[in-house]
Amino acid sequence: WYQRRVRVSYNWLFEVDSNSKDVDKIFSVPDFVGDACKAIASRVRGAVAGHSFDEFHKHSAKLIRTAIFGLDEKGKIRNRFIFSQNKLVITNIDIQSVEPVDSRTRDALQKSVQLAIEITTKSQEAEARHEAERREQEAKGRLERQKIEDEAEAEKARTNLLKLQAESAAVESTGQATAEAKARADSAQIEAEAKVDQSRLSSEAEKIKAAAELAQLKARQESEIKHQKSLNELEISRARDLAAIESSKFKRIVDTIGAATLRDIAAAGPEMQLQLLKGLGLKSFMITDGNSPVNLFNTAGGLIGANVGQ
């Protein structure tokens, strides 16, 4: 059996509503600090008594908080310790120190702690050294593997180089013949294309020439038609002018002879009419009016027959 001194600090407050009747409960406990310390100490003593020194020393904070606040239905530590008599609430516990009361036990504990620290330190050093050696071995392994991979890549690159050199030599030996064959094929293709273009251009030239000749023929025909039309118009104008001249001449002759002379001619015999007509320079003429129609066919026949008889 041994004694331990536990020093803790805590936060507290009175949780009441200013408008409720619970305000008076704050003053119902005269020494609420002493009562709270006694209650907390009682719970801490119960937690210490139920565990060994080593277990309590390792998990003191958790055991003390569990003893004071308790566990909820989910097994988690609560964060409040409520005194219902005066509405005092402990909200936090800080474990400042846990140490044995007996000096020999305290010295032994310090030695034990130092030994544990030393063992832990050596264990960590050994673990760190082992980890460093492991990492060094892994780095060496990666380096060797990378070296092997690089050598394999270099060998592969050499193989590809030799293959390319062989292919280059083969291409070089056959390149000239291929180039000549390609040049001949290109030349033949260009010549064929030139002939096709020449035929196309010749066809277009013939087409243009035929179109030009057709346009020229059309223009010449239009010019001839226009010229003939002008000649026809001139001929019509000339005939119209001649008819007008003859009509005017006949009118002047009639006007010169006069109506009385014409009546005398109509009343005279054929010989007198012939002499008068010769004197006037007329071979024949006909006088009629609108009331006595003339059969032109019989008249023309009589004139032709008379001329034949003479």
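Everything numeric here is computed off the predicted structure, so don't read it as measured data.

Conventions and cut-offs
- Residues numbered from 1 in each chain as written.
- Predicted model: local features only at pLDDT ≥ 70, side-chain atom pairs only at ≥ 80, totals over all residues.
- Heavy atoms only, no water.
- Helix = DSSP H or I, 4+ residues; strand = E, 2+ residues; numbered from the N terminus.
- Expected span 1.5 Å × (residues − 1).
- Buried < 20%, exposed > 50% of the residue type's maximum accessible area, 1.4 Å probe, protein only.
- Arc of directions from axis to C-beta.
- Patch = residues over 30% accessible without salt bridge, like charges linked within 9 Å, V, L, I, M, F, W, Y side chains within 5 Å.
- Areas by Shrake-Rupley, 256 points an atom, 1.4 Å probe, with all protein chains shown as cover.
- Salt bridge = Lys/Arg side-chain N within 4 Å of Asp/Glu carboxyl O.
- Lys, Arg positive; Asp, Glu negative; His and termini not counted.
- Charge placed at Lys NZ, Arg CZ, Asp CG, Glu CD.
- Contact = heavy atoms within 4.5 Å.
- Phe/Tyr/Trp six-rings, centres within 6.5 Å; stacked < 30°, edge-to-face > 60°.
- Axes fitted to C-alpha atoms, helices over the stretch in contact; angles between N-to-C directions.
- Parallel < 35°, antiparallel > 145°, perpendicular 65-115°, else oblique.
- Left-handed = near helix turned anticlockwise from the far one by under 90°.
- Nonpolar A, V, L, I, M, F, W, Y, C, P; charged D, E, K, R; others polar.

### Structural notes on helix 1 (residues 32–49)
Between its terminal C-alpha atoms helix 1 stretches 26 Å, which fits the 26 Å expected from 18 residues at 1.5 Å a residue. Among the residues making up helix 1, those that are buried are Gly34, Ala36, Ile40, Val44, Ala47 and Val48. The buried residues of helix 1 occupy an angular sector of 155 degrees when the element is viewed end-on, so they sit on one face. Turned more than 90 degrees from where helix 1 packs its buried face, Lys38, Arg45 and Ala49 sit exposed.

### Concerning a negative patch on the surface
A surface patch of negative charge is lined by Glu149, Asp150, Glu151 and Glu153. Of note, Glu149 is situated in helix 4 (residues 103–267).

### Some points on the environment of Lys76
Relative to the elements of secondary structure, Lys76 occurs in the loop between helix 3 (60–69) and strand 2 (81–83). Between the C-alpha atoms of Lys76 and Thr66, which are 10 residues apart in sequence, the distance is 8.8 Å. If we skip the residues at most four places from it in the chain, Lys76 touches Gly70 and Leu71.

### Section: unusual backbone geometry
Phi is positive for Lys87, which is not a glycine, with a value near 60 degrees. Examined against the element boundaries, Lys87 turns out to sit in the loop between strand 2 and strand 3 (88–100). Lys87 gets classed as partly exposed once you look at its relative accessible area, which sits at 22%.

### Digging into the packing of aromatic side chains
To describe a pair of aromatic rings, one takes the distance between the centres and the angle between the planes. With the rule as written, the count across this model stands at 4 aromatic pairs. Geometrically, the ring pair formed by Trp12 and Phe14 is edge-to-face, given 5.6 Å between the ring centres and 80 degrees between the ring planes. Residue Trp12 is classed as partly exposed on the basis of its relative accessible area of 41%. Through successive ring pairs, a cluster of aromatic residues spans Trp12, Phe14 and Phe32.

### Re the pattern of salt bridges
A side chain with one charge can pair with a side chain of the opposite charge if their charged atoms come near. Applying the stated criterion across every chain yields a total of 13 salt bridges. In this structure, Lys140 engages Glu136 in a salt bridge whose closest nitrogen and oxygen atoms are separated by 3.7 Å. Of this pair, Lys140 and Glu136 are both found in helix 4, 4 residues apart, which corresponds to roughly one turn of the helix. According to the relative accessible area criterion, Lys140 is partly exposed, its value standing at 45%. On the basis of relative accessible area, Glu136 is assigned to the partly exposed category, the value being 43%. Note that Glu235 and Arg238 form a salt bridge whose closest N and O atoms lie 3.6 Å from each other. Separated by 3 residues within a single helix, Glu235 and Arg238 lie in helix 4, roughly one turn from each other. Overall, the relative accessible area of 46% leaves Glu235 in the partly exposed class. According to the relative accessible area criterion, Arg238 is partly exposed, its value standing at 48%.

### Some words on the packing of helix 1 against helix 3
Following both chains from N to C, one finds helix 1 and helix 3 inclined at 130 degrees, their axes separated by 9 Å at the closest point. One finds that helix 1 runs oblique with respect to helix 3. Where helix 1 crosses over helix 3, the handedness of that crossing is right-handed. Of the residues in helix 3, those in contact with Ile40, Arg43, Val44 and Ala47 of helix 1 are Leu63, Ile64, Ala67 and Ile68. Residues that form the contact of helix 1 with helix 3 fall into these classes: 7 nonpolar, no polar and 1 charged.

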